[in-house]
Amino acid sequence: MLLPYRAPAPSAPSGLATPVLLGGGTLAAFAILFGASLALAQVTARPAGESAVTVLLRWAPLIFQGFLFNILISFLSMALGTVVGVLAGVAQVSLVAPLRKSAWAVTQFFRNAPWLVLLFYAMFLLPFEFRIFGLTIAFPAWVKAIIGLALPVAANVSEIVRGGIRSIPSGQWESAEALAFTRRQTMWMIILPQAFKRMIPPWMNLYAILTMATTLISVVGIQDGLTITRAALVAESRPELMIPMYLLLLLMFFAYCYPIARATLALERRFNVKA
Amino acid sequence: MIAAFFERLNETQGLNFSVFYDAFDASRFLTGLWTTSYICVVSILASLALGLAGVWVAGGGSRLGRLVVRGYVQFFRNTPPLVQLSFFYFAVGGLLPRVSDGFGGLSPPVSGTGWAIIAFSLFAGAFNVEIFRAGIEAVPATTVEAAESLGYTRLQLYIHVVLPLAFRICLPALNNNLVNLVKTTTLAYAIGVPELLYAASQIWSESFNVREMMNVLLVTYVLLVGVLVLVMGRWEKAMRIPGYTT
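Reference entry: report on the structure contained in this document. (Residues numbered from 1 in each chain as written. Chains lettered and ligands numbered in written order. Predicted model: local features only at pLDDT ≥ 70, side-chain atom pairs only at ≥ 80, totals over all residues. Heavy atoms only, no water.)

Across its full length, chain B holds 10 helices and 2 strands. Along the chain direction, N to C, the helices and strands of chain B fall in the order α-α-α-α-α-β-β-α-α-α-α-α. Taking 2.2 N^0.38 as the reference for a compact globule, 246 residues should give roughly 18 Å; the C-alpha atoms of chain B span a radius of gyration of 22 Å, well beyond that estimate. For chain B, the spread of C-alpha atoms along the three principal axes comes to 75 × 50 × 35 Å. Counting all 246 residues of chain B, 45% fall into the buried class. Within chain B, residue pairs in contact and separated by at least 24 positions form 72% of the contacts whose partners lie at least 6 positions apart. When the accessible area of chain B is evaluated, it comes to approximately 12000 Å², of which 65% is carbon and sulfur surface. With 15 positive and 13 negative side-chain charges, chain B shows a spacing of 12 Å between the two charge centroids. (Helix = DSSP H or I, 4+ residues; strand = E, 2+ residues; numbered from the N terminus. Rg over C-alpha atoms; globule rule 2.2 N^0.38 Å. Buried < 20%, exposed > 50% of the residue type's maximum accessible area, 1.4 Å probe, protein only. Contact = heavy atoms within 4.5 Å. Areas by Shrake-Rupley, 256 points an atom, 1.4 Å probe, with all protein chains shown as cover. Lys, Arg positive; Asp, Glu negative; His and termini not counted. Charge placed at Lys NZ, Arg CZ, Asp CG, Glu CD.)

Helix length check: helix α3 (residues 23-58) of chain B (36 residues) gives 51 Å between terminal C-alpha atoms against 52 Å at 1.5 Å per residue, within 8%. With a side-chain oxygen lying 2.9 Å from the backbone nitrogen of B:F24, the N-terminal cap of α3(B) falls on B:D22. (Expected span 1.5 Å × (residues − 1). Polar contact = N/O pair within 3.5 Å; in protein donor to acceptor, adjacent residues only side chain to side chain.)

Attention now moves to the interface of chain B and chain A. In this assembly, 51 residues from chain B lie in contact with 42 residues from chain A. When chain B packs against chain A, close to 4300 Å² is buried across both sides, 77% of that on carbon and sulfur atoms. The interface formed by chain B and chain A holds 0 salt bridges in total. Among the elements of the structure, α3, α4 (63-77), α5 (81-95), α6 (112-137), α7 (141-149), α8 (154-184), α9 (196-207) and α10 (210-238) of chain B are those that each provide at least two residues to the side of chain B that touches chain A. When residues of the side of chain B that touches chain A are assigned to their parent elements, the largest contribution, 11 residues, is made by α5(B). For the side of chain B that touches chain A, the class distribution of residues is 30 nonpolar, 12 polar and 9 charged. (Buried area = accessible area lost by both parts, 1.4 Å probe. Salt bridge = Lys/Arg side-chain N within 4 Å of Asp/Glu carboxyl O. Nonpolar A, V, L, I, M, F, W, Y, C, P; charged D, E, K, R; others polar.)

Residue and element names in this part refer to chain A. A contiguous nonpolar patch, built from F130, I132, F133, L135 and I137 and spanning about 540 Å² of accessible area, is present on the exposed surface. Broken down by secondary-structure element, the contributors of at least two residues to the nonpolar patch are β1 (129-132) and β2 (135-138). Positionally, L135 belongs in strand β2. (Patch = residues over 30% accessible without salt bridge, like charges linked within 9 Å, V, L, I, M, F, W, Y side chains within 5 Å.)

Structure below.
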């Protein structure tokens, strides 16, 4: 049979059914893998030791707490990165050439640098406390980590904002000008409200990427989900538990990031304007 | 001359760019650069092969194959690459039996670099499947039908008609993913692979020049990515189909 890969026929928006089924399927495959590895661990364990399930259940709440810390970090870096990124993105379409060019250069620089290197950058080069007018502001490691992760986020948000603004047809600018709107008014009242909608899907996508990148903070010694998983494995020193433990952590991230990815796709489809 | 300049910079300004005048640090840095490039090139090639294989299976008649590819893509796209790498290196690699290394000792069958390449290839390959799929979907159905009616087999159709067109369509997205892959290689630091970041951290922990090395490192990566973007951009232009894309 001739079966080239074909786009499926354009279907009516299927609502929630398909994504839920698909996610459920992947999750089920995941669960089977997890169960199999756990069973294997159970079988290969030393006879005197505790059962693999008991050990896993003991550590699961702590790993989950670590995972929640990852989520917290992701919220905070996303907030900081978005604020800085929106400013940089608007600066990228500014009419003032030096501002536009420097915003472009900064965006490109931070967008093309690896996240881990930027994280190191923030961790090592920021002081651990600030002194302003005799007031000492402590700067603990996790705050520095948030700043380190916010740097690439800001650069990516900057590109999203620039792309969103650029995607608005130039006729909008021209008609606003014809109606005697100032540039600032055009930007805030006409362009940004329209562009905002188109920026949401890539912004959400970036958030999912950031959430997955938060595990990088374990490399610089912050107690996140990955660090705790490793510590648990060291504490138990049972090599057969390694696969189930890591799968558990992967499962947590998957359960959190997959719905975001589906929602991004759905929104993209809804906002997609076919020319 | 460059060495002399940086040596004087160190003496007068206290800016210690040891990689530019100290032969030992320079060789360590270059080794790191070599390892990073090696991981990049091998992972890029392997991820492209995986992407092609994935899209081939996903487009095939087997329902099971389709499901497996879908699960693979969703799994690798929605979990942190660092945890994937840890999973492969510590969990899977830790459970593999040791093999004799020929010098009377026992060593793991796959080195850290090997696991890094495997993990990054699988990670980028998942994205490549999606990218190729989008590219293949964008090939006009009429073109495919015309080729079908000329009696092409599925393999011939792919090699002579679909892939050459799809490849040009998905080059920009591919470009993005490969840049991302180059940036992801820094994660190999976490499992002690002597790549660029690792080499730099060794240098700054001995010479106490974190600030200078950090900047050298950032600039090196931006240059590395810049070279890739430039080459891919040139290629994109050279492969452009006239009148097909904007």
